[in-house]
Amino acid sequence: MHHRQYTSVSRTDEIPMKTENGPRPNKYRYVRKEGSSNIMFRHVPEERLLFVTDIFTTLVEIRWRVMFLIFALSYILSWLFFGILFWVIALANGDIKDPNTEPCVFEVRSFTAAFLFSLETQTTIGYGFRGMSENCMHAIIIVTIQDVMSCFIDTFVIGIAVAKMASARKRAQTVGFSNRAVINLRNGYIYLSWRVGDFRRYHLVEGTATAQIVRSTMHATGRVDVTYEDLVIQQKDIILATPTTIYHKIEPGSPLYSMTYADLQRADFELVVSFTYTDDSTGILHQTRTSYTPNEILWGQLFQEMIRVGRKSYRVDYNLFHRTEKIHVPLVSAKEFEEKKQLQLTRHSPRHSPSSSPRLPSQSPSQDHRDKYLKPPMVKVELVSDSQPIPSVAPSQSDNSQDQETLTQPNNQPSEEN
């Protein structure tokens, strides 16, 4: 069996793919790399009313510093409001002017004392100096209302704080995608693939992967048309115990079926991928997103193996999460690749004799040179034990480097075509 060699590449972000259009600026992305949408809404009808109507969601989505400010003001303003009411009651009853009268509230002879009584009532501190008397029914009613308002404020503010801490945005940061997507051969077909991994150590999640090709067309009038094309994912339901490579087979019906390497360099689209999953520790549904522009899709690259098998466990090296290997992939489109493969099968089929089938036209030397790369490369992965050192892959300094290595698979392990 022939073992094809390939060159190691240290990091994909060190391999800039130059395109005629140049890299798409981050400000023109539909979805940013960190997953947030690059969309700003203007002139929304009744926008302020919508935010007030759904006040809980509005407060959950605001920044933490604004949340802390609202948290503090909700208590301070309520203490101040009811303190003013108790001060007015003391004035009306004459507690401040005549200390010999029977007060509505004991030891409330000034505004400061009224404010402190309001604070002690709402926080249930009870220092023992100030307290209610039975002389003023309206003061008793105000204390009752303040106690109810205190329970409402505690429930509302603490609930928002807990919802913000359990927000899906923070959990989404622990599930990430590879910096680049790659196009390579797998099982004799051209595939587009990218990686997703859970960076938390003990939390396994189960989810579904999706992908779309997003194209935006700007007209001379300033109008922009945004179109979406779904990509069919191979085994899109994933249990994310270890980092997983997600595959899209470029076949008839795929938006990339007729796209060659040169077409990819000139293309202007955005590959938006997402992973929707349920966190097993909280049961909350989350979604992680990112996007790839054509200059972030590497043709003829293969993700390095991250998993090593030890005697007692699997070992995952996240230093290799974004790293790829260069392999030989034809620069033709998947459509042309399939046509040439079918032509080769027909040419070498025993059912077709030279007398019964027409003579095929001879190919030019350039076509023969391209045909020899139609066979998928054979990449071997070695399983190592704990007692053996993990083989290290030395990064190459340029695409023309002569340092190559061959990973050999044991005879009892089936080979995998990439």
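It should be emphasised that the depicted structure is a prediction, and the values quoted were computed from it without experimental measurement.

Novice: Mind laying out the overall build of the protein, listing which residues take part and the relevant values?
Specialist: Counting its secondary structure elements, the protein contains 9 helices and 19 strands. A total of 418 residues make up the protein; the buried ones form 37% of that total. For the protein, the share of sequence-separated contacts (at least 6 apart) that also reach a separation of at least 24 residues comes to 71%. Carbon together with sulfur atoms contributes 56% to the accessible area of the protein, which is approximately 25500 Å² in total.

Novice: Residues and numbers for the nonpolar core, please.
Specialist: One broad rule of soluble globular proteins: the nonpolar side chains tend to lie buried together. Within the largest apolar cluster, 38 residues are counted, with the highest numbers of intra-cluster contacts made by Leu192, Trp194, Phe269, Leu271, Phe275, Tyr292 and Ile297. Going through the elements one at a time, β4 (175–177), β5 (181–186), β6 (189–198), β7 (205–218), β11 (270–279), β13 (297–299) and α8 (334–347) are the ones with two or more residues in this core. The contacts of Leu271, once residues within four sequence positions are left out, are Leu192, Trp194, Ala211, Gln212, Ile213, Leu231, Thr290, Ser291, Tyr292 and Ile297. In terms of nonpolar packing, the next biggest core, distinct from the first, is built from 14 residues, Ala90, Cys104, Ala113 and Ala139 among them.

Novice: So what's going on with the pairing of β6? Residues and values would help.
Specialist: Burial runs high along β6: 9 of the 10 residues are buried. When β4 meets β6, the two strands line up antiparallel, connected through 3 bridges. Counterpart to Val175 in the pairing with β6 is Asp198. What sits between the antiparallel neighbours β5 and β6 is a turn of 2 residues, in which Asn187 has the positive phi angle 55°. For β6 and strand β10 (residues 244–249), the ladder comprises 6 bridges, and the chain directions are antiparallel. Residue pairing across strands places Tyr191 opposite Lys249, the latter belonging to β10.

Definitions and cut-offs
Residues numbered from 1 in each chain as written. Predicted model: local features only at pLDDT ≥ 70, side-chain atom pairs only at ≥ 80, totals over all residues. Heavy atoms only, no water. Helix = DSSP H or I, 4+ residues; strand = E, 2+ residues; numbered from the N terminus. Buried < 20%, exposed > 50% of the residue type's maximum accessible area, 1.4 Å probe, protein only. Contact = heavy atoms within 4.5 Å. Areas by Shrake-Rupley, 256 points an atom, 1.4 Å probe, with all protein chains shown as cover. Core = buried A, V, L, I, M, F, W, Y, C linked by side-chain atoms within 4.5 Å. Pairing = 2+ DSSP bridges.

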